[in-house]
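# Topology and contacts: notes
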Amino acid sequence: MKTAPQQTRQHIIDSGYRLISRKGFTHVGLAQILKFADVPKGSFYHYFKSKEQFGEEIINSFFDSYLSSIDDLFATGKGSGLDRLMSYWLHWQSTQDGKSDDQKCLVVKLSAEVADLSEAMRKALNTGSTAVIARLTGAIEAGIADGSIPAMHAEHTAEALYQLWLGASLRNKLARDPQVIERALLMTKALLAQPISAMK
């Protein structure tokens, strides 16, 4: 169980995430965060040295939760490796309707915005994304082992699929066309149906 200071710190992080997932990092000021979280300025600086460090902690907190949900989704005993992997993409598809800020991917939201703005935040996003790709690699390897996915270079395929979905999510933000994500899903099924020999 978290102590009261830990709960306060997490509350500030959660509040900041909800604001930043809607408006972006640079468009959210400290005053907005304090008002939304209903905490005094001194309380914020007790836990975070700067807004940049706060942003880094939001990213880390997001990935802690996100990776935990992936681990649960990919746990053995929940269908074949392919079944578990496809459930991940189907869940991603379900979050792209633009209705839920709490489910928005910070990688999609912040990568272009903060990559040149904050080295610490860039590294946090890259570290989290690399961990996601590692989870996807493991799921593909499990599918290869149980025969539900043909033999292929698991890590390269995982990276290609993750990049496909990040790109499709960005394109969907521009076009607001659900067919963009649907096409990503179809391409995913095609990539997992046969070896990607060129990537070996």
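Residues numbered from 1 in each chain as written. Predicted model: local features only at pLDDT ≥ 70, side-chain atom pairs only at ≥ 80, totals over all residues. Heavy atoms only, no water.

### Here's the deal with the environment of Arg183
- Note that Arg183 resides in helix H9 (residues 178-193).
- Linking Arg183 and Ala168, residues 15 residues apart in sequence, is a C-alpha distance of 8.6 Å. (Helix = DSSP H or I, 4+ residues; strand = E, 2+ residues; numbered from the N terminus.)

### Topic: the packing of aromatic side chains
- Throughout the structure, instances matching the rule amount to 16 aromatic pairs.
- Seen from their ring centres, Phe48 and Phe54 are 4.9 Å apart, and the 65 degrees between their planes marks the pair as edge-to-face.
- Given a relative accessible area of 0%, Phe54 falls into the buried group.
- Among the aromatic residues, those joined into a cluster by ring pairs are Tyr17, Phe62, Phe63, Tyr66, Phe74, Tyr88, Trp89, Trp92, Tyr162 and Trp165.
- The residue whose ring lies beneath Lys51 is Phe25, and the NZ or CZ to ring-centre distance is 4.4 Å. (Phe/Tyr/Trp six-rings, centres within 6.5 Å; stacked < 30°, edge-to-face > 60°. Buried < 20%, exposed > 50% of the residue type's maximum accessible area, 1.4 Å probe, protein only. Lys NZ or Arg CZ within 6 Å of the ring centre and 35° of its normal.)

### Section: the side chain of Gln53
- Among the structural elements, Gln53 can be located in helix H4 (residues 51-73).
- Residue Gln53 is classed as buried on the basis of its relative accessible area, which comes to 18%.
- Excluding residues within four positions of it along the chain, Gln53 makes contact with Tyr47 and Phe48. (Contact = heavy atoms within 4.5 Å.)

### Quick look at the environment of Ala75
- Locating Ala75 in the fold gives a position in the loop between H4 and helix H5 (81-94).
- You can call Ala75 partly exposed: its relative accessible area is 28%.

### Overview of the pattern of salt bridges
- On inspection of all chains with the given rule, the structure shows 3 salt bridges.
- With a shortest N-O distance of 2.9 Å, Arg135 and Asp71 are connected by a salt bridge. Here Arg135 is found in helix H7 (residues 119-146), whereas its partner Asp71 is found in helix H4, with 64 residues between them in sequence.
- Judged by relative accessible area, Arg135 falls into the partly exposed class, the value being 27%. (Salt bridge = Lys/Arg side-chain N within 4 Å of Asp/Glu carboxyl O.)

### Description of the packing of helix H6 (residues 106-114) against helix H8 (residues 154-175)
- It is at 10 Å that the axes of H6 and H8 come closest, and there the two elements cross at 80 degrees. Relative to H8, H6 is oriented roughly perpendicular. The residues of H8 that touch H6, namely those facing Val107, Val108 and Lys109, are Tyr162, Leu166, Ser169, Leu170 and Lys173.
- Looking at the contact of H6 with H8 residue by residue, the classes come out as 5 nonpolar, 1 polar and 2 charged. (Axes fitted to C-alpha atoms, helices over the stretch in contact; angles between N-to-C directions. Parallel < 35°, antiparallel > 145°, perpendicular 65-115°, else oblique. Nonpolar A, V, L, I, M, F, W, Y, C, P; charged D, E, K, R; others polar.)

### Focus: the nonpolar core
- Formed by 58 residues in total, the largest nonpolar core has its most connected members in Tyr88 and Trp89.
- Looking at this core, the element that brings in the most residues is H7, giving 9 residues.
- Aside from chain neighbours lying at most four places away, what touches Tyr88 is Tyr66, Ile70, Leu73, Phe74, Val132, Leu136 and Tyr162. (Core = buried A, V, L, I, M, F, W, Y, C linked by side-chain atoms within 4.5 Å.)

### Considering the packing of helix H1 (residues 4-23) against H4
- Between H1 and H4, the least distance of the axes is 9 Å, while the angle of their chain directions is 90 degrees. Accordingly, the angle class assigned to the pair H1 and H4 is roughly perpendicular. Side by side, H1 and H4 meet where Arg9, Gln10, Ile12, Ile13, Gly16, Tyr17 and Ile20 of the first sit next to Phe54, Glu57, Ile58, Ser61 and Phe62 of the second.

### Comments concerning the environment of Ser43
- Within the secondary structure, Ser43 sits in helix H3 (residues 41-47).
- Residue classification places Ser43 among the buried residues on the basis of a relative accessible area of 17%.
- Considering only alpha carbons, one finds Ser43 and Ile12, 31 residues apart in sequence, at a separation of 9.3 Å.
- Sequence-distant contacts of Ser43, defined by excluding residues within four places in its chain, comprise Thr8 and Ile12.

### A few points about the confidence of the model for the protein chain
- Of all residues in the protein chain, 92% have pLDDT values of 70 or greater, and the mean over the chain is 88.
- Confidence, read as mean pLDDT per element, is least for H6 in the protein chain (83) and greatest for H7 (95). (pLDDT = per-residue confidence, 0-100.)

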